[in-house]
Amino acid sequence: MNFNWDIFWQYLLQPSDVYLRALWLTCVIAVLSMALGCVLGLVAALMRLSGNPFIQAPVRFYVWLMRGTPLLVQIVFLYTALAAGGIFRFEDLDLGWVVIPGNLQAAIIALGLNEGAYMAEIMRAGIAAVDKGQYEAGRSLGMTFGKLMRRIVLPQAFRIIVPPLGNEFNVMLKNTTLVSVIGVQELLLSTQMITSATFRVFELYLVVAIYFLLLTTLWGFFQSWLERRFGQSDRRPATASRRLFGNYTAKLLRGR
Amino acid sequence: MHSTDQDLVIEALDIHKAYGDVQILKGVSLQVKRGEVVVLIGASGSGKTTFIRCINLLEEIQGGRIRVNGQPMGYRERPDGSLVRDSERNIARQRRDIGMVFQRFNLFPHMTALQNIIEAPIQVLGISKAQALEHARQLLKQVGLADKADHYPSMLSGGQQQRVAIARALAMKPQAMLFDEPTSALDPETVGEVLQVMKQLAEQGMTMVVVTHEMGFAREVADRVVVLDQGELIEQGPPEQIFSAPSHPRTRAFLSRVLPEVSAC
């Protein structure tokens with residue numbers, strides 16, 4: 001077997017600056033894309049629940065489109081195809097203290113747009129799971145729709161949303177590797193670049209796999225903390241419905 | 001066409017309500033004076049729950065007028081006489097004046113008893129937290145749950161939850177309270193504690209409209225008993241009259257079915 005332990009340990013335990021930067025970038029992309037996905041998902045979920053077919057239609061189309069095409073195709077389409085077609089080109093954005101490269105913007109937007117479609121379904125399920133009596137209680141106390149959502153419905157929906165949201169972020173961490181195709185130097189592309197110089201493919205891909213395993217494991221700990229933290233007040237009923245909905249949404253997400 | 005009597009808190013005139021083709025309310029009118037306790041009785045499906053839900057606009061009505069304190073509730077009249085629903089903000093404002101207690105309590109499960117009570121006064125009325133807390137503790141004491149302030153609803157019994165729900169509605173200092181079968185979802189042994197709180201409230205002069213199957217409560221506390229049947233108000237009067245000498249045959253039929261089960265209040 002062609003495996004060099006020294007190289008393996010060296011890259012695993014003493015990652016180069018390039019590699020650490022890539023790790024940082026992976027995390028930044030995942031967090032920002034997830035945040036964008038959550039915002040889009042919430043807006044889309046509220047539009048879906050509006051009851052007005054003209055407001056629902058664009059959301060249905062969006063979810064259909066995003067879930068019906070490969071994420072990799074979406075990424076290339078947004079960054080490369082739109083530019084090639086002369087429709088839109090992502091330019092580097094100079095914020096003074098930091099320059100955000102065009103491909104990084106495209107990466108975050110593509111991942112966020114895709115995530116938004118999945119989050120829309122998760123949030124819709126979470127909001128719909130809140131008992132109708134809660135709306136009536138809020139309304140009878142004189143709450144307007146905004147207050148009702150912010151103070152009563154969303155906090156309850158959030159407890160149902162947390163487990164599938166955790167799964168989504170886990171998937172997101174790994175999906176960041178896809179943006180290597182548009183030249184964003186995250187973990188996978190950095191690994192590819194190093195292997196093309198050193199030819200230590202086996203060792204380095206093992207290292208990158210372990211890094212992702214570390215990231216997702218750390219996230220897993222954080223997720224169970226989140227679930228404990230937000231399930232506290234209403235332990236018995238919330239756990240039951242949360243389990244139910246976690247499974248239900250997981251079912252929706254299968255086949256990805 | 002409607003009274004401008006200042007003592008009228010709730011005026012509902014000729015309320016029509018249908019789900020699709022099914023007529024639930026076929027022109028029900030009811031006037032409730034300040035301090036009056038009106039109990040609505042009738043068989044299931046008679047429309048009594050729907051009727052009180054219409055009063056604070058949890059249900060849309062197809063025809064009729066609702067006034068609370070003389071102010072039209074939720075609907076504006078077009079010049080041609082048709083009704084147009086008022087803005088969400090105005091309806092929310094009007095609902096503050098009417099407290100509602102639900103069959104299934106509908107406490108906010110992510111908040112403690114105390115937080116449930118102060119939520120709307122702070123968020124809707126804009127009262128300071130200190131003031132809201134003081135009032136809330138006083139209300140919890142009034143419903144006999146001063147020691148349960150920091151309990152979440154899931155840690156309370158049904159009767160305790162319903163008493164918190166009553167305190168929550170009272171925290172808005174409503175002009176009138178609507179009770180939608182407040183004891184129907186309770187274990188028999190906790191029914192009494194809720195009825196006791198409602199009775200105290202009635203004695204303090206709160207205007208109340210109560211939908212209930214508790215005939216003992218109706219007999220003892222009601223100023224007026226109103227009988228609904230198949231979406232129509234068929235009879236009303238003081239409890240002694242309704243229970244001992246009902247004039248409408250359908251009232252007699254209904255009472256003969258329920259009275260053997262009268263629970264002691």
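Bear in mind the structure is a predicted one, so any value in this text is a computation, not a measurement. Along every chain, residues carry numbers that run from 1 in the direction the sequence is written. Working convention: letters from A go to chains and numbers from 1 go to ligands, in the order in which they are written. In keeping with the predicted nature of the model, local features appear solely for residues at pLDDT of at least 70, side-chain atom pairs appear and are counted solely at 80 or more, and the whole-chain, interface and lining totals rest on all residues. Side-chain calculation: all heavy atoms of the structure are included, whereas hydrogens and water are not.

Participant: What's the story with the overall build of chain B in this structure? I'm lost.
Facilitator: Runs of E in the DSSP output that reach at least two residues are strands. Runs of H or I that reach at least four are helices, and both are numbered from the N terminus. Secondary structure assignment for chain B yields nine helices and twelve strands. This radius of gyration counts C-alpha atoms alone. The globule rule is 2.2 Å times how many residues there are, raised to the power 0.38. In terms of overall dimensions, chain B is globule-like: its C-alpha atoms have a radius of gyration of 18 Å, near the 18 Å expected for 265 residues. With the principal axes as the frame, chain B shows a C-alpha extent of 50 × 50 × 35 Å. A 1.4 Å probe rolled over the protein chains alone gives each residue an accessible area, and that area as a share of the maximum for its type sets the label: buried under 20%, exposed over 50%, partly exposed in between. Looking at chain B as a whole, 56% of its 265 residues qualify as buried. Across chain B, contacts joining residues at least 24 apart in sequence account for 63% of those joining residues at least 6 apart. Per-residue accessibility takes into account occlusion by the displayed protein chains alone, with areas from the Shrake-Rupley method and a 1.4 Å probe. For chain B, the exposed surface amounts to about 11,500 Å²; the carbon and sulfur share of it is 46%. A residue counts as positive if it is Lys or Arg and as negative if it is Asp or Glu; His and the chain ends are not included. Where a charge sits is defined by one atom per residue type, namely NZ (Lys), CZ (Arg), CG (Asp) or CD (Glu). Considering chain B, the positive charge centre built from 29 side chains and the negative charge centre built from 31 side chains are found 4 Å apart. Contacts are assigned to residue pairs with any non-hydrogen atoms lying within 4.5 Å of each other.

Participant: Looking at this structure, how should I read the sheet that holds strand S5 (residues 71-72) of chain B?
Facilitator: Within a sheet, each strand pairs with its neighbour through backbone hydrogen bonds, oriented either parallel or antiparallel. Residues and elements named next belong to chain B. One requirement defines pairing of two strands: DSSP has to find at least two bridges between them. With antiparallel pairing, four strands are arranged side by side in an open sheet as S2-S1-S4-S5. With partners counted over all chains shown, the strands left at the sheet margins are strand S2 (22-33) and S5, one partner each. Across two bridges, the pairing between strand S4 (residues 63-68) and S5 is antiparallel. In the sheet register, Val68 faces S5, and the bridge partner there is Gln71. Convention adopted: a line fitted to C-alpha atoms gives each axis, helices being fitted over their contacting stretch, and angles between N-to-C directions are expressed from 0 to 180 degrees. Running at roughly 120 degrees to strand S1 (residues 8-19), helix H1 (residues 48-55) makes contact with S1, S2 and S4 of the sheet.

Participant: What am I meant to see in the packing of aromatic side chains here?
Facilitator: Note on aromatic pairs: each is described by the distance of the centres and the angle between the planes. In this analysis, rings of Phe, Tyr and Trp, with Trp reduced to its six-membered ring, are considered paired at centre separations within 6.5 Å, and the interplanar angle assigns stacked below 30 degrees, edge-to-face beyond 60, and tilted for intermediate values. Counted according to the given criterion, the structure contains 13 aromatic pairs over all chains. Aromatic side chains Phe3(A) and Phe202(A) sit 5.1 Å apart centroid to centroid with 75 degrees between the ring planes, which places their arrangement in the edge-to-face category. On the criterion of sequence distance, the pair formed by Phe3(A) in the segment before helix H1 (5-13) and Phe202(A) in helix H9 (residues 201-230) is long-range, its members being 199 residues apart. What makes Phe202(A) partly exposed here is its relative accessible area of 42%. Geometrically, the ring pair formed by Tyr79(A) and Phe90(A) is tilted, given 6.4 Å between the ring centres and 35 degrees between the ring planes. Linking Tyr79(A) in helix H4 (residues 71-84) with Phe90(A) in the loop between H4 and strand S1 (93-94), this pair joins segments that are eleven residues apart in sequence. Counting every residue linked through ring pairs, the aromatic cluster contains Phe3(A), Trp5(A), Phe8(A), Trp9(A) and Phe202(A). Here, over-ring charges are defined by two tests on the NZ atom of lysine or the CZ atom of arginine: distance to the ring centre within 6 Å, and angle to the ring normal within 35 degrees. Positioned over the ring face of Phe108(B) is Arg168(B), at 4.5 Å from the centre of the ring.

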